[in-house]
Amino acid sequence: LQVGVFSSHVRAHGKQPREPYAYGPRVEDIARRYLQLRYRLLPYIYSQAVRSAQTGLPMARAMVLEFQEDPTTHRLDLQYLFGDSFLVAPVVRYDHRCRVYLPAGDWLDYWTKETISGPRWLDLEVPLDTLPLWVRAGAILPLGPEMAHTGEKPLDPLTLELYQPEGEAVTVVYDEDRPDIPVRYTRQAGSLTVEVGPSPGQVEIVLYGVRAGAARLDGQPLPIVVTPAGHQRLAFEGTAGVKIEVQLA
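Only a predicted model underlies this, so the values are computations on that prediction, with no experimental measurement involved.

## Some points on the overall build of the protein chain
When helices and strands are tallied, the protein chain shows 4 helices and 17 strands. Taking 249 residues into account, the globule formula puts the C-alpha radius of gyration at 18 Å, and the protein chain, at 19 Å, falls close to it. C-alpha atoms of the protein chain, sized along the principal axes, occupy 60 × 40 × 40 Å. Out of the 249 residues belonging to the protein chain, those deemed buried represent 44%. Across the protein chain, contacts joining residues at least 24 apart in sequence account for 59% of those joining residues at least 6 apart. Surface exposure of the protein chain reaches about 13,100 Å², of which carbon and sulfur atoms provide 52%. Here the protein chain holds 25 positive side-chain charges and 30 negative ones, and the gap between their average locations is 4 Å.

Right, here's the structure in full:
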């Protein structure tokens, strides 16, 4: 399931029972958690699929493909990149141990949002319900609302998670049923500018690795909400497209 959720397609094949509930409530709960995450990540997954068709790069990429100048990546076969932003390291040992290599650059633990700088090896002991997962610093992750099937809800709200934004980054949120949504940020000194194209409804920007002191939308103050986990969120109506100016603390 760890590999399947972070692949282009999810199928549970095999001769023995494959339904999560066949293995008890705990496994069922873990499976539900990751499948819910999968549905929230569909804007990212579909957008990466479009880029794969455009460029020929696979969605699940061997580490050496992205980091060819790093000889350590040449022999890694138990971890991979999923699209441009995720580093995935499924646990394949019964003792819950996992050894992961982070190439040069900053990586944020997806679950804790802690920043770790590479290159370095990590020796981890991982609980059954945790997939070792990192996001590359500078990434823009688009997420949709939680839902049970793809046609249940529109992309409202569209959540844009910015992971330690630096310099400039651009992405496009693709959807076969809706116009493309371009997203761009630029960070200079103590300011961060985020531009989002017209969206189906509400837009939320969540900041990781930076702190906002103030934010403005069309010259008007925009409230900064602190999430229960201590991160910062900006929410606004996005149907007309917006430009957000954030003063960093």
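## Some details on the sheet that holds strand S16 (residues 232-237)
The strands that make up a sheet pair up through hydrogen bonds in the backbone, lying either parallel or antiparallel. Across the sheet, which stays open at both edges, the 5 strands sit in the order S7-S8-S12-S16-S15 with mixed pairing between neighbours. For this open sheet the edge positions go to strand S7 (140-143) and strand S15 (225-226), each flanked by a neighbour on one side alone. Of the strand pairs in this sheet, strand S8 (residues 158-163) and strand S12 (residues 202-208) are connected by 6 bridges, and their pairing is parallel. When the sheet's bridge partners are listed, leucine 162 is paired in S12 with leucine 207.

## A look at the pattern of salt bridges
Enumeration over the complete set of coordinates arrives at 13 salt bridges. Taking the shortest distance from any N to any O, the salt bridge between arginine 61 and glutamate 66 comes out at 3.6 Å. Judged by relative accessible area, which is 4%, arginine 61 ranks as buried. The residue lysine 243 makes a salt bridge to glutamate 245 at a minimum N-O spacing of 4.0 Å.

## What about the side chain of glutamine 79?
Secondary-structure assignment places glutamine 79 in the loop between helix H4 (63-66) and strand S2 (80-82). When its relative accessible area of 6% is taken as the criterion, glutamine 79 is described as buried. Within the structure, glutamine 79 has its side chain in polar contact with the backbone oxygen of tyrosine 101 (distance 2.8 Å).

## Here we look at empty space enclosed by the protein
Applying the stated criterion across every chain, the model contains 1 cavity of 30 Å³ or more. Reported here for the largest cavity is a volume of approximately 30 Å³. Along its surface, the largest cavity is lined by Leu155, Val173, Tyr174, Asp175, Arg178, Pro179, Ile181 and Pro200. Tallied by class, the residues present in the lining of the largest cavity amount to 6 nonpolar, no polar and 2 charged.

## Observations concerning the layout of surface pockets
Reported here for the largest pocket is a volume of approximately 1,200 Å³. For the largest pocket, the lining is made up of 32 residues, of which Leu1, Gln2, Val27, Ile30 and Ala31 are closest to its centre. Counting residues per element, the ones that place at least two in the lining of the largest pocket are helix H1 (2-5) and helix H2 (25-40). The element best represented in the lining of the largest pocket is H2, accounting for 9 residues. Its residues placed into classes, the lining of the largest pocket shows 20 nonpolar, 6 polar and 6 charged. Size it by volume and the second largest pocket reaches roughly 510 Å³. What lines the second largest pocket is a set of 20 residues, among which Leu42, Tyr46, Met147, Thr150 and Asp175 lie closest to the centre. At the level of secondary structure, the elements contributing two or more residues to the lining of the second largest pocket comprise H2 and helix H3 (42-55). At 5 residues, the largest contribution of residues to the lining of the second largest pocket is made by H3. Each residue belonging to the lining of the second largest pocket can be placed in one class, and the counts come to 11 nonpolar, 3 polar and 6 charged.

## Some words on H2
Here H2 is 16 residues long and its end C-alpha atoms lie 23 Å apart, about the 22 Å a rise of 1.5 Å per residue gives. Among the residues making up H2, those that are buried are Ile30, Ala31, Tyr34, Leu37 and Arg38. Buried residues in H2, looked at end-on, bunch into an arc of 120°, giving them a common side. Looking at the buried positions of H2, the neighbouring elements they touch are H1 and H3.

Cut-offs used in this document
Residue numbering note: each chain is counted from 1, following its sequence as written. Reporting in this predicted model follows two pLDDT cut-offs: at least 70 for local features of residues, and 80 or more for side-chain atom pairs to be given and counted; totals over whole chains, interfaces and linings ignore these cut-offs and use all residues. Side-chain numbers come from the whole structure's heavy atoms, not from hydrogens or water. Think of it this way: any DSSP run of H or I at least four residues long counts as a helix, any run of E at least two long counts as a strand, and we number them from the N terminus. Here the globule rule reads 2.2 Å times residues to the power 0.38, and the radius of gyration is calculated from C-alpha atoms. Note on exposure labels: buried denotes an accessible area under 20% of the residue type's maximum, exposed denotes more than 50%, and partly exposed covers the range between, all computed with a 1.4 Å probe on protein chains only. In what follows, residue pairs with any heavy atoms lying within 4.5 Å of each other are defined as contacts. For accessible areas, the Shrake-Rupley method is used with a probe of radius 1.4 Å. Any residue's cover is judged against the shown protein chains and nothing else. His is not counted here, nor are the chain ends, while Lys and Arg score as positive and Asp and Glu score as negative. Where a charge lies is defined by one atom per residue type, namely NZ (Lys), CZ (Arg), CG (Asp) and CD (Glu). DSSP-based pairing: two strands are paired if at least 2 bridges between them are found. Salt bridges are defined as contacts in which a side-chain nitrogen from Lys or Arg sits within 4 Å of a carboxyl oxygen from Asp or Glu. Under the rule applied, a polar contact is a pair of N or O atoms within 3.5 Å (in protein, one hydrogen donor and one hydrogen acceptor; residues adjacent in sequence only if both atoms are side-chain atoms). With a 1 Å grid spanning the protein atoms alone, the term cavity applies to any set of points in which a 1.4 Å probe fits but cannot get out, the term pocket to an open set with protein on both sides within 12 Å along at least five of seven lines, and the term lining residue to any residue with an atom within 4 Å of a point. Grid points are joined across faces, edges and corners, and a volume is the space filled by probe spheres set on the points. Note on residue categories: nonpolar means Ala, Val, Leu, Ile, Met, Phe, Trp, Tyr, Cys or Pro, charged means Asp, Glu, Lys or Arg, and polar means any other residue, Gly included. In this analysis, the expected span of each helix is defined as 1.5 Å times one less than the number of residues it contains. By construction, the arc corresponds to the directions joining the helix axis to the C-beta atoms.

So yeah, pure geometry; function would need other evidence.
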